[in-house]
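What follows is the residue order along each chain.
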Amino acid sequence: MFGRSSQFDKALEKATSQLLLEPDWDSILSICDCIRQGDVQPKYALNAIKRKLAVDNPHVAMFALQTLESCVKNCTSLIHQEVASKEFMEFLKEQVKTRPPPVKEKILELIQVWSHAFRNEPSYKAVQDTFHLMKMEGYTFPALKEADAMFVAEKAPEWKDGECCTRCRVVFGVVQRKHHCRNCGEVMCSKCSSKVSTIPRFGIEREVRVCDSCYEKLRDKKST
Ligand SMILES: O=P(O)(O)O[C@@H]1[C@H](O)[C@H](OP(=O)(O)O)[C@@H](O)[C@H](O)[C@H]1O
Ligand SMILES: [Zn+2]
Ligand SMILES: [Zn+2]
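Summary of the structure given here. Keep in mind the model is a prediction, meaning the values are calculated, not measured.

1. Remarks on the site of ligand 1
- With respect to spatial proximity, the complete set of residues near ligand 1 consists of W159, R177, K178, H179, H180, R182 and R209.
- Taking H180, its side chain carries an N or O atom lying 2.8 Å from an oxygen atom of ligand 1.
- Within the side chain of R209, one N or O atom sits 3.0 Å away from an oxygen atom of ligand 1.
- Expressed as a share of its isolated accessible area of 450 Å², the protein-covered part of ligand 1 is 57%.
- The residue inventory of the shell around ligand 1, partitioned by class, reads one nonpolar, two polar and four charged.

Below, the structure written as structure tokens:
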């Protein structure tokens with residue numbers, strides 16, 4: 001186990017080197033892979049990133065924050081449950097009080113984005129509580145970036161199954177194939193789901209199959 005986690009340690013050293021002039025995305029992505037593949041325990045990984053974040057050198061702290069941001073985006077609940085803990089949120093809040101602007105701004109940005117991203121996840125309430133508490137204490141948070149707005153996209157609905165079209169009740173078979181509307185997740189025949197649309201609130205920027213009623217709803221939303 002130790003051997004494999006050293007791949008993580010090496011990648012973290014590289015990703016947060018004070019000699020870097022810009023983020024070392026290869027190392028950051030290999031850090032995410034190590035966590036996702038279970039090569040390193042999420043708790044160990046977050047503590048290692050935390051140590052880098054606490055380093056006085058603002059460059060190292062910034063690279064640690066960019067690494068943390070990528071881990072939260074790419075490593076799913078494995079890392080979320082570690083980040084969304086009271087202790088880690090307290091640590092970030094302390095850092096905001098003591099660090100210079102770029103580091104402070106980045107932390108505020110992350111707390112805000114995560115608070116939106118986890119708004120429907122009761123087990124990650126610590127993030128939202130921290131965000132609201134800091135707002136009440138007068139911290140000013142930066143405007144949510146477009147890319148982050150995508151990241152806080154809602155989860156698309158699970159696809160439902162069924163033996164007939166939800167809309168016209170035609171029975172599926174060898175010829176009459178099943179299709180799914182990406183907006184409501186209902187199972188539909190090809191006639192009732194022949195239209196396509198983007199679904200921005202799910203972060204779906206390319207046109208995907210939607211049923212007729214969802215097509216109308218999404219089109220009306222666009223025209224508002
Ligand atoms: O092509 P098929 O063998 O019928 O398989 C169907 C297609 O993959 C449909 O994709 P689509 O919704 O993008 O059409 C999917 O919604 C159905 O669940 C599948 O049963
Ligand atoms: Zn139908
Ligand atoms: Zn639909």
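2. A short note on the coordination of the zinc ion (ligand 2)
- With distances of 2.2 to 2.4 Å, the protein atoms coordinating the zinc ion (ligand 2) are C165 (SG), C168 (SG), C189 (SG) and C192 (SG).
- What the four donor atoms of the zinc ion (ligand 2) show is an angle range of 101 to 119 degrees at the metal, which sorts the shape as tetrahedral.
- Counting residues between consecutive donors of the zinc ion (ligand 2) along the chain gives the motif C-x2-C-x20-C-x2-C.
- Classification of C168 by relative accessible area gives partly exposed; the value is 37%.

3. Quick look at the coordination of the zinc ion (ligand 3)
- Ligation of the zinc ion (ligand 3) by protein atoms is provided by C181 (SG), C184 (SG), C211 (SG) and C214 (SG), these donors lying 2.2 to 2.3 Å from the ion.
- A relative accessible area of 1% means that C214 is categorised as buried.

4. Some details on helix α7 (residues 101-117)
- The end-to-end C-alpha distance of α7 is 24 Å, a good match for the 24 Å that 17 residues give at a rise of 1.5 Å each.
- Burial in α7 covers these residues: V103, K106, I107, L108, E109, L110, I111, Q112, V113, W114 and S115.

5. What about the packing of aromatic side chains?
- This model, assessed by the stated rule, comprises four aromatic pairs.
- Aromatic pair F118 and Y124: ring centres 4.9 Å apart, planes at 65 degrees, arrangement edge-to-face. For the pair F118 and Y124, one class covers both residues: buried.
- The ring of F91 has K50 sitting right over it, with the charged end atom 5.1 Å from the ring centre.
- Over the ring of Y215 we find K195, and its NZ or CZ is 5.5 Å from the ring centre.

6. Some thoughts on the environment of E13
- Structurally, the position occupied by E13 is in helix α1 (residues 2-15).
- A relative accessible area of 47% places E13 in the partly exposed class.
- Separated by 14 residues in sequence, E13 and S27 place their C-alpha atoms 8.8 Å apart.

7. Structural notes on the environment of L12
- With respect to the helices, strands and loops of the structure, L12 is situated in helix α1.
- Under the relative-accessibility criterion, L12 is labelled buried at 3%.
- Each C-alpha atom, one on L12 and one on I31, is 6.7 Å from the other, the two residues being 19 residues apart in sequence.
- In this view, L12 contacts I31, A48, I49, K52 and T67; residues no more than four positions away in its chain are not counted.

8. Some thoughts on the nonpolar core
- Among the nonpolar cores identified, the biggest contains 46 residues, and F8, I35, L68, V83, L92 and W114 are the most heavily contacted of them.
- With sequence-adjacent residues up to four places away left out, L92 is seen in contact with L53, I107, I111 and W114.
- Among the nonpolar cores identified, the runner-up in size contains 16 residues, and C181, C184, C211 and C214 belong to it.

The rules behind these values
Residues numbered from 1 in each chain as written. Chains lettered and ligands numbered in written order. Predicted model: local features only at pLDDT ≥ 70, side-chain atom pairs only at ≥ 80, totals over all residues. Heavy atoms only, no water. Near = heavy atom within 4 Å. Polar contact = N/O pair within 3.5 Å; in protein donor to acceptor, adjacent residues only side chain to side chain. Areas by Shrake-Rupley, 256 points an atom, 1.4 Å probe, with all protein chains shown as cover. Nonpolar A, V, L, I, M, F, W, Y, C, P; charged D, E, K, R; others polar. Donors = N, O, S within 2.8 Å, 3.2 Å for Na, K, Ca; no water. Tetrahedral: all angles 85-135°; square planar, octahedral: opposite > 155°, others 65-115°. Buried < 20%, exposed > 50% of the residue type's maximum accessible area, 1.4 Å probe, protein only. Helix = DSSP H or I, 4+ residues; strand = E, 2+ residues; numbered from the N terminus. Expected span 1.5 Å × (residues − 1). Phe/Tyr/Trp six-rings, centres within 6.5 Å; stacked < 30°, edge-to-face > 60°. Lys NZ or Arg CZ within 6 Å of the ring centre and 35° of its normal. Contact = heavy atoms within 4.5 Å. Core = buried A, V, L, I, M, F, W, Y, C linked by side-chain atoms within 4.5 Å.

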